[in-house]
Structure formats: structure tokens, C-alpha cells
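Listed below, chain by chain, are the residues.
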Amino acid sequence: MSNFLQYTIFGIMLGAGYAIAATGLVVTYTTSGVFNFAQGALGMIAAFCYWELVSVDHVPVLVAVLVVVVLGGAVAGALVERVLMRRLHGASAERPVMVTLGLLVILTGVATIVWSPTTSRSVDNMVHGQFRLVGINIQYQEVLIIGVALAVAAGLRALFRSTRSGYALRAVVDDPDLLAMAGVSPNRMSQYGWMLGTMMAALAGVLLAPTQTSGISIAAMTLLVVNGYAAAIVGRLRSIPVTFAAAVAIGLAENYVINYVLPHLPQNLTPDITYALPMVFLFLALVTLPSVRLRAVGRLTTMRAPRVAGGFESIVAGLVFFVAAAIVAITFANTAFKGTTVLDLGGLIMSLGIVGLSLVLLTGYSGQVSLCQFAFMGIGAFVMGKVAGGGSVLGLLAATAVCAGIGALVSLPTVRLSDLYLALATFAFADAVATGFFADNHIYGAGGVSIGRIVLPGLSFGGDQAEFLMVTAFFVLAAWLVLAIRRSLFGRRLVAVNDSPAAYATVGLDIGFTKVAVFAIAAGMAGLAGALYGTVQGVVGQTDFAIFPGVIFVLFVTIWSIRTVSGAFLAAVTYVVLNQVWPNGVGLFAGLGIILIGRAASGLLGIEALQVRLPWVKGSPDTAGVRPAAPLGGPAMAGGSSRVAG
Amino acid sequence: MSANGPAAGDGATTTALPPAVTVTGLRAAYGRIEVLHGVDLTVPAGSVFALLGPNGAGKSTLLKVISGRLRPIAGEVRIGELTVGRTPAEKLARQGVCAIPEGRGIFPNLTVRENLRIWTYRGGITMRDVEEQSFAAFPRLKERRRQMAGTLSGGEQQMLAISRALVTRPRLLLLDELSMGLAPLVVHELYELVEGLARQGMTVLLVEQFVTTALAVADRAAIMVHGRVEQEGTPEAMGEAALSAYLA
């Protein structure tokens, strides 16, 4: 009984910590309409700053809390709103998600540079000592966390429900223009919201840091508030009391599972389940609860859709591309770059290019945000390594089929989700797979999985050149497939379901089938890419397909252009080359890139000044300059075409 | 019709009243798409001015510019001594410009009472005054004061929206498609209130699809076609012209 009480108190304390982070998410979402993926990373930075002040500089705890939470949180929140968010007004719904993901990878990148991950850093309790109550020991730190969480929840509830400023903070998301017409600056209100939300993130980081018995780490602290994500979703990103209750329930559930369920399971599964639990909670919350009405539906985000190459044109471009790759294969046969042969790097680029193409299909055309393509890659590579000895074409087929199947299964419960919720669900799936599956010693473990080079009867791709050209051929085939899909009836359905799901349903088309089909195709492509990635690299390990590299790659594709084949290829080049040159800086580049690209829906390749007119591509000279309005139909929304070859 | 300005439908080019709003050579665009191509317009102080025209004529865009929600690319808008253009909408609101946009100017996720509380940001008015005046004019709002505004009927939402003009007493009221989607009786009730506000000296500039409704309350009217003011004059003179503009 005393154990149960002890676990309960610790669970409530844990939940109270999550509640602070979750209420921060709710505050930010309520006042800006943006779900801040970087909430955990902001808390992590706050925890490390607090550790610097208290453990290194011996600043008094109260002063450190004021500096980090009040001052640091307010300034950081104001900056995030002013520099990152304000310029996204009118952007597509997925862009704020991408920008907060960009901030997440920037913050983790900076933290890795500033605070070496190899150093151990433990944070002392803010208040020491304990007392006994009904036979159990309760630490003052636990009481502090629970008390602060309650005070924060009550205070925020009072602010939003009983004060004029609170009404204005809520109103700014409903209609910022109308708020301005009522005499209130929507920008200022939004900024206050971000300041409050960031202060909550910092408070959660500082309070939860001492609970990390093995010391604070960048990844653990960043992902620690993921349980906060689940609680915020249960609270439908609006209700602070429900969010608070959900956070406490999740803290309790987590602690009970760890103490009562895990001891009865095989020991090797314990760490997997422990790590995957937060994501499982989040995934369950997303697929079981009614989704919140999304804002910003049906906004016109770009005047012109990217041009889609015609059938003949794409065949010619693909053949030219393949010939160019063959020339590269001959010219750089024995050249190495930073310790890796150019052909191996080329193979990695081509296989990642296929993942990029899967994102073009999934996000670029059908508007479904997926952060789990790297997870499918990892599953594909694992299947490839385990089927028919690891170097068989059967492995390629199996990797594609298995991932397509899993993709369909994952997408079934998430069909009704869109934008933010789909991003969150795929984020949860990706991290659960990475921490609960790839990290297992029986799957990838410490040594990784060996994957041989592909040998067909009478045809071997054992040589570097042959293998590079084989992967290139797969990339070209995948590009043709993606473009063919876009030109087909199914492709038009994808664009239609993205533009207006309601209109799509009213003409009698099945949204669910279309979404599941495209998700499965994209997952199959990512699985194939993972198998090819494995054959190029020889050995793949758990870190190859972790959550952060996957997020970073999605950002690079978005930066270049998530709507074009060229964007997918250039993203793969950028990712591989940067990883080779400065592995720790890849996240920084991705984060800064997505911030700089701002709300440009078509990425770098969509910016007219950067476009190159290819000789065989018909231009659209009439799109330059200001166009008069259509006489009766309002703004002419359908555009001409950009000059980037698909 | 004329590139140099609107034709005067009643033969008069000026009015005796001083102008509340003066628009000169105004051009405005959404990105690359220019919607207003040089609008000239004068709204006399204390009048009810109806802006008519077919869909896509630029009427709502003109209201957006006047209320500070869209920055013009050329030309000038003056509201009394105030120059619109670089002045943010919230500052214009505090200076006495009340714009009620198309499609209910309310916050749907706030209760009726919370919406009313937001109106007090205009300054110089207490929540008590706001509630007294709003509930006196629209008793139905009192019954629904704890209800989410988004769950009110269309007419009740429009009542809540127009209560802002009622309680903040602006010098200029901009109304965009007040009657959209409402029953005729509700429209009648709302326009009676607008007439009452105008009688108290408030200048009203309204955009309306229903020509007869608008002309019944207006002192002057103008017809916009293709981003320009084509004609301007008395309601009587504008009736026929409006019909041909809509059918053109």
C-alpha cells in the first residue's frame, strides 16, 4: 500500500510537470493558433541555462529561476513571435508547424554545440528535505512542483476566463483583423501569448530537470514534455483544467505502468516500452479523441501552382539525369570526399531523394504532413537486412511491401487527422518506432544490421559504379512514378483533397481511400529508399533513422520545394553533403533555412528570381507584373505556371 | 465611365456637408492582383452613404482600405484630419472608425459577454454601459450572454456585431454586407438601428448587395464597377443606374 501511495505521489508530481508544459502549449495555441513543437526544446534550453547558473555559477536558486523563467522566457517568447511567427500570417497551415520544428532542431543543435553531450550534468532539487505522510516519504520538491502546477493552471484559467486581456488573448486567434478593428493590437496580443507560453516551457524545464536522476540530457529534456503534448491534445488545445487533469492522469499512468506492468514483462523490453510510452500516449490521444476544428482551412497560399512536367518531357529529363549520373560515376570513380567515396555519397543522395519524392507525393500534392518517413526507411532497411540474406532483390520488394502495409495501417486511424494532428501523430509514431523498436538490441541494437549489395542472377551490383547507377535508376523511376501519379486522375484527386476535403466529399469521392492509398504508396517508397540506403551504406544502425534526422530532412525538402522532384533531389544533396561536412550543424542549417523561407509555399524553387528557364520548357510570360482583376469573379486565383521543371 | 472621376448622377458634384471621408486616386491590390484602379469618392459627414455594385467590383476592398486593413498601393484616404494608409487598424478604431466586416464581426469562440467586454478597449466606456446599451437595443443578447457567440443565429450574431457601433459611438461606421444571409425582418430591424445612429450624427458608409434596402436608408450612393466608382449621386438617381450596373 505504501508503495502504491509512493508511486501515486511521484506520478502526480510527474504529471504536474507535464501539466506546466502542456498549459504552455495550450496558451500558445489559444493565443496564436500555432502548436509549438519547440516547447520541449525551449524547456531543455531553460534547464541547461538553469544548470549553468546554479551548478556552475552558484547563483541563488530563486534568482536563477527569475532570470531563466521570467526574463529568459519572456524575451525568448517575444523574439520567437516577432522574428519567426509574425511573418507567417497568411501562410499555408503546415508552415507554422515546420517553423516550430525548425526552431526545435536549431535549439537542439545549438545545445549540442554549447553543452557537450558527453558531460554529465545533474541538477539539484530546488528545495531539499522531505516529510512523512500516511507512512510515505514526500519530498518538498514534489510538493513544490505540484503546487506550482496548480497555481499556474488556476492563474491562467483566471486570466483567460475572467479578464479583458484574457478575452483579447483568445480573440486574437479567432479574428486578428476584427480585434484590431476593436482597437487592440493583435500583434501585441500574440506576442504576449508567446511570452506566456515560453515562460511555461522554461518553468517546466527548470522544475523537471531535478527529476532526471541520471542528469539532464538534450534529447531526454526535449522529449520529456511530449507527455505534455498528449495532455494538451486531450484538453483539445483549449481547456486548461482538462489539460491539467490529463497531464496528471498521464503521469500516474506512466508511473503505474513502469512500476506494476513492466516488472512482469521480459527485461529486454523494459527500456523500449519506457521510452516509447510518451509517444504511445500521444498517438492514442490523437486517434481516439475528436479532433479540434482546424483554423485556416481553404486559404489561398500561393498564386501559382508548380508546373508539372509532361510525360515525354519527364522521360527525357530522367534519361538526361541518368546519363549525367553515369558521367559522374565514371569521372569520380575513385574520388573520396571527407573519407567517403563520392559514389557512396551519391548512392545515399539518390536513396534519400526517393524519400524526398515520397514527401512530394504525400505532403506536396495531397497536403498530409508526415514526420515518419525516416521510420519507414528504418523498417525498410531492417526488412532488407533480414530477407534472403540481405542482398536480394526480394529484400527490396519485401521492404517496399511491408512498409506500404504498415503505412496503410498507420494511416487508417489517422485518416480524419490533418495538418497539425497528422504531424503530431506521425511524430509520435516515428519516435515510438525509433525508441521502442530500432533501439532494441534484437532489432538494430548497438552493432546495427549488415545489408549486402544486391546480386541478381547473372547481374551483380557489387561494384561501386554499378550500385550507384542502380540506385540512380530507382530514383529516376520513382520520379517518373510521382510525376505520372500527379498527371493522372488520382493525382488530381490528391490535389483536390488537399484544396477542399469538404468539396471532395460532396462530389461523392472517398477521402479515406485516397488518403490511405497515398500514405501507403509514400510509405512503400520510403521503405524502398531505406533498403537502398542500407545497401549503399552496408551497415545501418538505430541512429540513422532517429526522429531528429527525419524532421531535419523534411525541413530541407520544404526549404527547397516540397512540390517538385527537383526539390526532393536538392534536399537529399543538401542533407548528405552537410552531414559529411558538419554533422552537428545540419539541424542549424535546416532550422535557419525554414525560418528564412518564411511563408513561401513553394520553397526556394518557387521564388521567381531563383528560377531558371529551361530551353525545352514553355514559359508563361503573361504572369509578370500586376494583373487586372477579373470583371465579375473576384481575384483570378488560378495561376499560370512556374518555370521549374517538375 | 469616366477615367477622371465618377459621373454625377444628379448633376451635383459636391454636397453642402463637410466630407467625413475623402478618397483620392486610390489603388489597392491583393499581391499581384490589382482590385481598385483609382477610386475617387467623397462621403459627407453625417450622411448615410451606400456603395453599390456587382460582385467583384471592389466595394469590400475599398472598405478594407478605409478601415486600415489593407494598405493601398497608390492614392490617399483621409478620414477628417487622419490619413489612412500607414495607420494600423487598431489606431483607427481608437480614433473613432468602427468597421463591421462581411460575415459577422464577432469572435465566435468567446461568449456574448466576453465579446462585449472586448468592445470596451475602445476606451471611455465601462462594461456596465456596454451591457446596458446593447441589451436595451437587443434584448435577445441578454438572454444569450453566456452563450458562445459562434452558436448564435445569424441575426443575433449581426446584432452583437453592430452593438459595437452602438456602444462605442464612432464618428465613422463602415458596414459591409450587413444583410448577408439574414431574414428580411432582421435586416429591417438592423437598418432601423443604423438609421437611428445616423440621426445622431454618425457618418455611415455601407456596402450592400440589396439595392432597395441600401437606397432606402441612404442619403447618397455610388456605384462601383471593375474597381472604379462609375456613378455617384442621390439614391433616387442611383436606382436605375444600379440596375444597369448589376445587369451589365
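Every value quoted in this text rests on a predicted model; they were computed, and no experiment measured them. Residue positions are given per chain, counting from 1 as you read along its sequence in written order. The order in which chains are written sets their letters, starting at A; the order in which ligands are written sets their numbers, starting at 1. At least 70 in pLDDT is required for a residue's local features to be given in this predicted model, at least 80 for side-chain atom pairs to be given and counted, and no such filter applies to totals for whole chains, interfaces and linings, which use all residues. The basis for the side-chain values is all heavy atoms of the structure; hydrogens and waters are excluded.

### Side note on the overall build of chain A
Here comes step 1: By the criteria applied, helices consist of DSSP H or I runs no shorter than four residues and strands consist of E runs no shorter than two, each listed in order from the N terminus. Helix and strand content of chain A: 24 helices and nine strands.
Here comes step 2: Within the span of chain A, comprising 646 residues, buried residues form 55% of the whole.
Here comes step 3: If you take every contact in chain A between residues at least 6 apart in sequence, the share linking residues at least 24 apart comes to 79%.
Here comes step 4: For chain A, the accessible surface area stands at approximately 24,700 Å², while carbon and sulfur atoms represent 68% of it. When a residue's accessible area, from a 1.4 Å probe over protein chains only, is under 20% of the maximum for its type it is buried; when over 50% it is exposed; and in between it is partly exposed. Here, two residues are considered to be in contact whenever any of their heavy atoms come within 4.5 Å of each other. Reported accessibility uses the Shrake-Rupley method at a 1.4 Å probe radius. Residues are deemed covered only where the shown protein chains occlude them.

### Quick look at the overall build of chain B
Here comes step 1: Each helix and strand counted, chain B has nine helices and 11 strands in total.
Here comes step 2: Across the 248 residues that make up chain B, the buried fraction comes to 55%.
Here comes step 3: Approximately 10,100 Å² of chain B is accessible, and the part contributed by carbon and sulfur atoms is 51%.

### Notes on the pattern of salt bridges
Here comes step 1: Salt bridge, as used here, is a side-chain nitrogen of Lys or Arg placed within 4 Å of a carboxyl oxygen of Asp or Glu. Considering all chains together, one arrives at 11 salt bridges over all chains under this definition.
Here comes step 2: Residues joined by salt bridges that share partners form a network here, namely Asp344(A), Arg453(A) and Glu467(A).

### Let's talk about helix 6 (residues 154–168) of chain B
All names here are of chain B.
Here comes step 1: Taking 1.5 Å as the rise per residue, helix 6 with 15 residues should run 21 Å; its terminal C-alpha atoms sit 22 Å apart, in good agreement.
Here comes step 2: Throughout, bend refers to the angle between the axes fitted to the seven residues that end at a position and the seven residues that start at it. Largest kink in helix 6: about 25 degrees, centred on Ile162.
Here comes step 3: By the criterion of burial, helix 6 is predominantly enclosed, with 14 of the 15 residues buried.
Here comes step 4: Arg169 sits one or two residues past helix 6 and shows a positive phi near 50 degrees. Multiplying 1.5 Å by the residue count of a helix minus one yields the expected span of that helix.

### Observations concerning the domain arrangement of chain A
All names here are of chain A.
Here comes step 1: Where a domain begins and ends is set by an automatic assignment or by a domain database. Domain parsing of chain A yields domain 1 (2–127 + 134–288) and domain 2 (341–561 + 570–595).
Here comes step 2: Overall, the association of domain 1 and domain 2 removes approximately 3,200 Å² of surface from exposure, summing both partners, and the carbon and sulfur fraction of that is 79%.
Here comes step 3: Applying the counting criterion to the domain 1 and domain 2 interface returns zero salt bridges.
Here comes step 4: Here a polar contact is recorded for every N or O atom pair within 3.5 Å, except that within protein the pair must consist of a potential hydrogen donor and a potential acceptor, and residues adjacent in sequence are included only if both atoms are side-chain atoms. Counting across the domain 1 and domain 2 interface gives one residue pair in polar contact (both at pLDDT 80 or more).
Here comes step 5: Put simply, the parts of the chain that give the side of domain 1 that touches domain 2 at least two residues each are helix 4 (94–114), helix 9 (218–224), helix 10 (226–234) and helix 12 (270–288).
Here comes step 6: Gly falls in the polar group here, along with every residue not listed as nonpolar (Ala, Val, Leu, Ile, Met, Phe, Trp, Tyr, Cys, Pro) or charged (Asp, Glu, Lys, Arg). Per-class residue counts for the side of domain 1 that touches domain 2 are 27 nonpolar, seven polar and four charged. Put simply, buried area is the surface a 1.4 Å probe can reach on two separate parts but cannot reach once they are joined, added for both.

### Considering unusual backbone geometry
Here comes step 1: Backbone geometry at Arg236(A) places phi at a positive 55 degrees, although glycine is not the residue there.
Here comes step 2: Its place among the elements puts Arg236(A) in the loop between helix 10 and helix 11 (240–261).
Here comes step 3: Owing to a relative accessible area of 33%, Arg236(A) belongs among the partly exposed residues under this scheme.
Here comes step 4: Phi at His226(B) takes a positive value of approximately 50 degrees, unusual for a residue other than glycine.
Here comes step 5: Following the sequence through the fold, His226(B) ends up in the loop between strand 10 (220–225) and strand 11 (228–233).

### Considering helix 10 of chain A
All names here are of chain A.
Here comes step 1: The buried fraction of helix 10 is high, at eight of nine residues.
Here comes step 2: Regarding helix 10, the residues found buried are Val226, Asn227, Gly228, Tyr229, Ala230, Ala231, Ala232 and Ile233.
Here comes step 3: Two residues or fewer past helix 10, Arg236 is found with a positive phi of approximately 55 degrees.

### Some words on the environment of Ser190(A)
Residue and element names in this part refer to chain A.
Here comes step 1: With respect to the element layout, Ser190 can be found in helix 8 (residues 186–208).
Here comes step 2: The spatial distance from the C-alpha of Ser190 to the C-alpha of Asp124 is 35 Å, given a sequence separation of 66 residues.
Here comes step 3: Among residues more than four places away in sequence, those in contact with Ser190 are Thr31, Ser32, Glu81 and Val172.

### Focus on empty space enclosed by the protein
Here comes step 1: Of the grid points, spaced at 1 Å and generated over the protein atoms alone, those admitting a 1.4 Å probe that cannot get out make up cavities, while open sets with protein on both sides within 12 Å along at least five of seven lines make up pockets; any residue with an atom within 4 Å of a point is treated as lining. Grid points are joined across faces, edges and corners, and a volume is the space filled by probe spheres set on the points. Tallied over the entire structure, the rule returns three cavities of 30 Å³ or more.
Here comes step 2: One number sums up the size of the largest cavity: a volume of about 60 Å³.
Here comes step 3: Forming the boundary of the largest cavity are Met181(A), Ala182(A), Ala93(B), Gly96(B), Val97(B), Cys98(B), Trp119(B), Arg122(B), Arg164(B), Thr168(B) and Pro170(B).
Here comes step 4: Every element with two or more residues in the lining of the largest cavity is listed here: strand 7 (97–100) and helix 6 of chain B.
Here comes step 5: Looking at the lining of the largest cavity, its residues break down into seven nonpolar, two polar and two charged.

### Some details on the environment of Ser488(A)
Here comes step 1: For Ser488(A), the location among the structural elements is in the loop between helix 18 (464–487) and helix 19 (489–499).
Here comes step 2: A polar atom in the side chain of Ser488(A) sits 2.6 Å from the backbone oxygen of Ile485(A).

### Digging into the pairing of strand 1 (residues 130–133) of chain A
Residues and elements named next belong to chain A.
Here comes step 1: Strands are treated as partners if at least two bridges between them are detected by DSSP. Where strand 1 and strand 2 (residues 136–139) come together, four bridges link them in antiparallel fashion. Looking at the pairing, Phe131 lines up with Ile138 of strand 2.
Here comes step 2: Hairpin connection, strand 1 to strand 2: the antiparallel pair is bridged by two residues, and Val134 has positive phi, about 40 degrees.

### Describing the packing of helix 14 (residues 342–365) of chain A against helix 23 (residues 565–581) of chain A
All names here are of chain A.
Here comes step 1: Working convention: axes come from line fits to C-alpha atoms, limited for helices to the stretch in contact. Angles between N-to-C directions cover 0 to 180 degrees. At a minimum axis separation of 7 Å, helix 14 and helix 23 run at an interaxial angle of 135 degrees. Between helix 14 and helix 23, the angle falls in the class oblique. Every pair of crossing elements has a handedness; the one defined by helix 14 and helix 23 is right-handed. Across the interface between the two elements, Leu345, Leu348, Ile349, Met350, Leu352, Gly353, Gly356, Leu357 and Val360 of helix 14 pack against Val565, Ala568, Phe569, Ala572, Val573, Tyr575, Val576 and Gln580 of helix 23.
Here comes step 2: Taken together, the residues of the contact of helix 14 with helix 23 sort by class into 14 nonpolar, three polar and no charged. Roughly parallel refers to an angle under 35 degrees, roughly antiparallel to one over 145, roughly perpendicular to one between 65 and 115, and oblique to any angle outside these ranges. What makes a crossing left-handed is the near helix being turned counterclockwise from the far one by less than a right angle; a clockwise turn instead makes it right-handed.

### Re the packing of helix 3 (residues 61–85) of chain A against helix 8 of chain A
The axes of two packed helices give the description: the angle between them and the distance between them.
Residues and elements named next belong to chain A.
Here comes step 1: Relative to each other, helix 3 and helix 8 sit at 140 degrees, their axes nearing to 7 Å. Taken together, the axes of helix 3 and helix 8 are oblique relative to one another. For the element pair helix 3 and helix 8, the recorded crossing hand is right-handed.

### Quick notes on the side chain of Thr222(A)
Residue and element names in this part refer to chain A.
Here comes step 1: By secondary structure assignment, the location of Thr222 is in helix 9.
Here comes step 2: A distance of 2.6 Å separates a polar atom in the side chain of Thr222 from the backbone oxygen of Ile218.
Here comes step 3: With residues up to four places along the chain from it excluded, the contact list for Thr222 reads Gly40, Ala41, Met44, Leu104, Thr108 and Phe548.

### Remarks on the side chain of Gln580(A)
Here comes step 1: Among the structural elements, Gln580(A) can be located in helix 23.
Here comes step 2: Sequence-distant contacts of Gln580(A), defined by excluding residues within four places in its chain, comprise Phe337(A), Lys338(A), Thr340(A) and Leu345(A).

### A few points about a nonpolar patch on the surface
Residues and elements named next belong to chain A.
Here comes step 1: Only residues whose relative accessible area exceeds 30% and that form no salt bridge are eligible for patches; like-charged ones are grouped when within 9 Å, while nonpolar side chains (Val, Leu, Ile, Met, Phe, Trp, Tyr) are grouped when within 5 Å. The grouping of Val110, Ile113, Val114, Phe337, Val577, Val581, Trp582 and Phe589 at the surface amounts to a nonpolar patch, some 660 Å² of accessible area in total.
Here comes step 2: Looking at the nonpolar patch, the elements that each hand over two or more residues are helix 4 and helix 23.
Here comes step 3: Considering every element that reaches the nonpolar patch, the biggest residue donor is helix 4, with three residues.

### As for the packing of aromatic side chains
The geometry of an aromatic ring pair is captured by two quantities: the separation of the ring centres and the angle between the planes.
Residue and element names in this part refer to chain A.
Here comes step 1: Planes of paired rings set the category: under 30 degrees apart is stacked, over 60 is edge-to-face and the rest tilted, where pairs are Phe, Tyr or Trp rings (Trp by its six-membered ring) whose centres lie within 6.5 Å. Here the structure, examined in full by the defined rule, presents 25 aromatic pairs over all chains.
Here comes step 2: Ring centres of Phe374 and Phe553 lie 5.7 Å apart, and the angle between their planes is 35 degrees; this geometry places the pair in the tilted category. Taken together, the positions of Phe374 in helix 15 (residues 373–386) and Phe553 in helix 22 (residues 547–560) put the pair 179 residues apart, joining distant regions of the chain. Residue Phe374 shares its accessibility class with Phe553, and that shared class is buried.

### Considering the confidence of the model for chain A
Residues and elements named next belong to chain A.
Here comes step 1: Per-residue confidence from the predictor is reported as pLDDT, which spans 0 to 100. Taken residue by residue, chain A gives an average pLDDT of 82. The fraction at 70 or more is 87%.
Here comes step 2: The spread of mean pLDDT over the elements of chain A runs between strand 9 (residues 627–628), the lowest at 38, and helix 3, the highest at 94.
Here comes step 3: In the predicted structure, residues 293–303 sits below a pLDDT of 50 and forms 32 contacts with residues beyond four places in sequence or in another chain.
Here comes step 4: Predicted confidence is poor over residues 619–646, with pLDDT under 50, and the contacts of this stretch with residues over four places away or in other chains come to 66 contacts.

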